[in-house]
Amino acid sequence: MSDNNVKYEKKPFNVLPLDILDILLTVYMFISVLVLFTPCGGITGDHPCHTGGLVVAIVSAVNMVFALVKVMIKSLAVKRIFAILTAMISVFIIIAPGTLLPLCEDHSMICITSFKPGTVAVAAITLTVAVIEIIVTVLKEKGK
């Protein structure tokens, strides 16, 4: 016997409030690296920090794409994988400027006074959100 009156409901996306916060933070990081925390304040020339700024901008763009894709995913396990990737990228952004990526040697330059602290601060907040999201997805899966 078949019931022709069965209604199929599409399950909406499994959007967590942390997903929205993650999008806002990653978009802010990407835009701020290009506009607000620009290495050397837009001074042209061959400065070592320009490479660092470019790498941080590219990595921030990848992180932003991860955050946007994560909103469209229903599976908590896959969301957790993207949160782990976001956490790893955030750790890279925290560690890279000045250690892995060269910055100017003059400590009064904007790459030392603005670029590095600004990107590290936003990446630290993004890392915190990613860790919280990992914990929330684990707890939600165990609660099922």
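Summarised in this report is the structure supplied together with it.

About the thresholds
Residues numbered from 1 in each chain as written. Predicted model: local features only at pLDDT ≥ 70, side-chain atom pairs only at ≥ 80, totals over all residues. Heavy atoms only, no water. Helix = DSSP H or I, 4+ residues; strand = E, 2+ residues; numbered from the N terminus. Expected span 1.5 Å × (residues − 1). Buried < 20%, exposed > 50% of the residue type's maximum accessible area, 1.4 Å probe, protein only. Contact = heavy atoms within 4.5 Å. 1 Å grid on protein atoms, 1.4 Å probe; cavity = no way out; pocket = protein on both sides within 12 Å on 5 of 7 lines; lining within 4 Å. Points joined across faces, edges and corners; volume = space filled by probe spheres on them. Nonpolar A, V, L, I, M, F, W, Y, C, P; charged D, E, K, R; others polar. Phe/Tyr/Trp six-rings, centres within 6.5 Å; stacked < 30°, edge-to-face > 60°.

1. What about helix α1 (residues 17-34)?
With 18 residues, α1 should cover 26 Å at 1.5 Å per step; its first-to-last C-alpha distance of 26 Å lies within 8% of that length. Of all the residues in α1, the buried ones are Leu 18, Asp 19, Asp 22, Ile 23, Leu 25, Thr 26, Met 29, Ser 32 and Val 33. For α1, the elements touching its buried residues are α2 (48-71), α3 (76-95) and α4 (110-143).

2. Quick word on empty space enclosed by the protein
Under the definition given, this model contains one cavity of 30 Å³ or more. One number sums up the size of the largest cavity: a volume of about 50 Å³. Along its surface, the largest cavity is lined by Leu 25, Thr 26, Met 29, Ser 60, Asn 63, Ser 90, Ile 93, Ala 123 and Thr 126. For the lining of the largest cavity, the secondary structure elements donating two or more residues are α1, α2, α3 and α4. A per-class count over the lining of the largest cavity returns four nonpolar, five polar and no charged.

3. So, the packing of aromatic side chains
Taken as a whole, this structure holds one aromatic pair when the rule is applied. For the pair Phe 66 and Phe 82, a centre-to-centre distance of 5.4 Å together with 70° between the ring planes defines the contact as edge-to-face. A residue pair is termed long-range when its members are at least 10 positions apart, and Phe 66 in helix α2 and Phe 82 in helix α3 qualify at 16 residues. For Phe 82, a relative accessible area of 16% puts it in the buried group.

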